[in-house]
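Secondary and tertiary structure notes
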Amino acid sequence: MISPNLRSGAPLSPAAADVLRIVNDSGTPVFVTVHADGRRRYSYWQPLDARTGRGGCYTALPTAECDRLHSAGRITLGEPLTDPTRTIYRVRPARTPAPPARAARTAARPAARPRSERGRLWAA
């Protein structure tokens, strides 16, 4: 069952929020690898941070959180890239639908009277 927090705009768990932060970063491509046996692994390349000396490797994301976000429609999978042992998909944030456009308000105008009646009101 999908958590109600994932369906609505309610706050996410810290792990889910971290996943969405990473997926929303356009400079950090995230992929899910689906192996032939059905095992899934969500991961991204973590660049080397010269200041800390950390990174320069693939980093796994929590599969359960990613699966929940995917089933809730918060992340989507791109076109598959398949080889004999696995299929790889690009993970992207789901597009949020555009808010409905406000209906243009048209002022109700009285119907125009025929030209022949316009002058009669004042002439009477």
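The text that follows walks through the structure, step by step, so that each part is easy to find.

1. What about the overall build of the protein chain?
- Helices and strands together make up the secondary structure of the protein chain, namely five helices and six strands.
- When the elements of the protein chain are put in sequence order from the N terminus, they spell out α-α-β-β-β-α-β-β-β-α-α.
- Counting across all 124 residues of the protein chain, residues that qualify as buried make up 18%.
- For the protein chain, restricting intrachain contacts to residue pairs at least 6 apart in sequence, the fraction spanning at least 24 positions comes to 40%.
- As displayed, the protein chain offers around 9,800 Å² of accessible surface, 55% of which is attributable to carbon and sulfur atoms.

2. Section: helix α2 (residues 14-24)
- Among all positions in α2, only Ala-16, Val-19, Leu-20, Ile-22 and Val-23 are buried. Taken end-on, α2 shows its buried residues confined to a sector of 160°, consistent with a single buried face. Every exposed residue of α2 that faces more than 90 degrees away from the buried side is listed here: Pro-14 and Arg-21.
- Residues of α2 that are buried in the fold lie against β1 (30-35), β2 (40-46), α3 (63-71), β4 (75-77) and β6 (86-93).

3. Concerning the pairing of β1
- Of the pairings in the sheet, the one linking β1 to β2 comprises five bridges and is antiparallel in character. When the sheet's bridge partners are listed, Val-32 is paired in β2 with Tyr-42.
- In this antiparallel pair of consecutive strands, β1 and β2, the connection spans four residues, and Gly-38 shows a positive phi of 95°.
- As paired elements, β1 and β6 share six bridges and run antiparallel to each other. Bridging from a neighbouring strand, His-35 pairs with Arg-86 of β6.

4. Section: α3
- Of all the residues in α3, the buried ones are Glu-65, Cys-66 and Leu-69. Projected down its long axis, α3 carries its buried residues within an arc of 100°, all on one side.

5. As for the packing of aromatic side chains
- Across all of its chains, the model carries one aromatic pair by this definition.
- When the ring of Trp-45 is compared with that of Tyr-58, the centres are 5.0 Å apart and the planes differ by 75°; the resulting orientation is edge-to-face. With Trp-45 in strand β2 and Tyr-58 in strand β3 (residues 57-60), this residue pair connects regions lying 13 residues apart in the sequence.
- We classify Tyr-58 as exposed; its relative accessible area is 61%.
- Seen from the ring of Phe-31, Arg-90 lies directly overhead, with NZ or CZ sitting 5.7 Å from the centre.

Rules behind the numbers
Residues numbered from 1 in each chain as written. Predicted model: local features only at pLDDT ≥ 70, side-chain atom pairs only at ≥ 80, totals over all residues. Heavy atoms only, no water. Helix = DSSP H or I, 4+ residues; strand = E, 2+ residues; numbered from the N terminus. Buried < 20%, exposed > 50% of the residue type's maximum accessible area, 1.4 Å probe, protein only. Contact = heavy atoms within 4.5 Å. Areas by Shrake-Rupley, 256 points an atom, 1.4 Å probe, with all protein chains shown as cover. Arc of directions from axis to C-beta. Pairing = 2+ DSSP bridges. Phe/Tyr/Trp six-rings, centres within 6.5 Å; stacked < 30°, edge-to-face > 60°. Lys NZ or Arg CZ within 6 Å of the ring centre and 35° of its normal.

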